Structures are given as C-alpha cells and as structure tokens.
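# Structural overview for review
Here is how the chains run, residue by residue.
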Amino acid sequence: MLMMDCSRCPFDAATRPAFHRYARKHSKAARARGVTPAFFMTWAYSDKPEMIDTLAAEYFKVGNENAARVVPAGLAFQRALAGRPALALHVADRRHPTLAGTYLAACTVLASLYGIDPRGNSYDAGLSADNSRYLQQVAWETAQAFPAPERRSRR
C-alpha cells in the first residue's frame with residue numbers, strides 16, 4: 001500500500017505530528033491485512049526548494065518508524081532540477097507536477113518499489129526522448145542512493 005500526504009503536512013511543524021500519527025495508524029492497518037506499507041515522499045514547492053530537507057527527513061523517519069519503504073520522489077525532483085534547472089516539473093501553481101514531474105515520480109516508484117530499472121523503458125509519455133531518458137536516469141540513481149528499510153539506521 002503506497003501512502004502519501006501533501007507536501008505541507010510533514011513540512012509544517014504544526015501538522016507534522018498528525019503526519020506521523022496517521023502514518024503509524026495506516027501502516028498498522030495495512031499490516032493487519034497482510035499488506036506492506038510504503039510511503040511516497042512528495043517534493044518541495046518550486047518556490048520553496050528548501051522544503052526538501054524537512055520532507056526527506058520526515059519521510060525517512062516514518063519509513064524507519066514503520067519499517068516501510070519510501071519512494072524518494074521528492075529527492076528525484078531535487079536531483080532532476082539540479083541537473084536541468086529549466087526542466088519544468090511543476091505546473092503554474094508551483095506545487096503540482098507537470099507531465100514530466102509525473103513521469104519522474106512514476107519512474108521513481110518503479111525503481112523504488114519494484115527494483116525495476118526504468119532506464120531504456122520505451123514508454124516516454126509524449127516527452128522528448130532526451131527528457132524521458134534523463135528522468136529515467138535520475139529516478140534510477142535516486143532510488144539506488146536511497147536506502148531500503150533493511151539498510152537504514154535509526155536516527
């Protein structure tokens with residue numbers, strides 16, 4: 001079961017306790033039904049890139065607290081934008097993903113949850129071949145760099 005929250009909830013100190021509380025509650029409910037929980041790390045708003053540090057730390061914590069995998073989509077956004085700042089991953093509201101952002105997130109899910117290398121996937125969602133290859137590469141590298149639960153230490 002893949003779960004996520006809005007980017008603001010784990011970022012904002014006022015809503016962060018609820019993020020952790022519901023992560024525990026829903027992880028417990030999933031496990032009671034024989035389902036392994038996983039968390040989808042959201043990305044920083046395009047006008048607040050500093051959000052990613054808190055988002056990553058909080059998703060890392062809920063992953064550890066619940067022995068769950070984390071899909072590091074937010075870190076993939078950060079990495080992709082560092083390499084190609086002009087690549088539009090957010091729509092005009094600065095929060096939601098463009099087609100390229102959605103494609104990157106999907107490739108990161110494929111790499112993180114299923115261990116499937118998205119590089120070379122022929123499906124490009126209508127993106128240019130150069131951009132789809134780049135996003136596949138970023139997703140794979142990000143997923144490989146982000147530790148699975150058995151490799152994470154408690155902080």
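Described below are features of the structure shown in this document. All figures in this text were calculated on a predicted structure; none of them were measured in a lab. (Residues numbered from 1 in each chain as written. Predicted model: local features only at pLDDT ≥ 70, side-chain atom pairs only at ≥ 80, totals over all residues. Heavy atoms only, no water.)

A word on the side chain of Thr98. Looking at the secondary structure, you find Thr98 in the loop between α4 (73-83) and α5 (99-114). Assessed through its relative accessible area of 16%, Thr98 is described here as buried. Those residues in contact with Thr98 that sit more than four places away from it in its chain are Ala88, Leu89, His90 and Val91. (Helix = DSSP H or I, 4+ residues; strand = E, 2+ residues; numbered from the N terminus. Buried < 20%, exposed > 50% of the residue type's maximum accessible area, 1.4 Å probe, protein only. Contact = heavy atoms within 4.5 Å.)

It is worth spelling out the packing of helix α2 (residues 16-32) against helix α3 (residues 51-65) at this point. Each pair of packed helices gets described by two things: the angle between the helix axes and the distance between those axes. Viewed as axis vectors pointing N to C, α2 and α3 meet at an angle of 30 degrees, and their least axial separation amounts to 10 Å. Here α2 lies roughly parallel to α3, going by the angle between them. With respect to the hand of their crossing, α2 and α3 are arranged in right-handed fashion. Between α2 and α3, the residues in contact are Arg16, Phe19, His20, Ala23 and Arg24 and Thr54, Glu58, Tyr59, Lys61, Val62 and Glu65, respectively. For the contact of α2 with α3, a count of residues per class yields four nonpolar, two polar and five charged. (Axes fitted to C-alpha atoms, helices over the stretch in contact; angles between N-to-C directions. Parallel < 35°, antiparallel > 145°, perpendicular 65-115°, else oblique. Left-handed = near helix turned anticlockwise from the far one by under 90°. Nonpolar A, V, L, I, M, F, W, Y, C, P; charged D, E, K, R; others polar.)

Looking now at the environment of Met51. Along the chain, Met51 turns up in helix α3. When the C-alpha positions of Met51 and Ser128 are compared, they lie 29 Å apart, and in sequence the two are 77 residues distant. Among all residues touching Met51, those that are not within four sequence positions of it are Ser7, Arg8, Phe11, Ala44 and Tyr45.

Shape descriptors only; they carry no functional weight alone.
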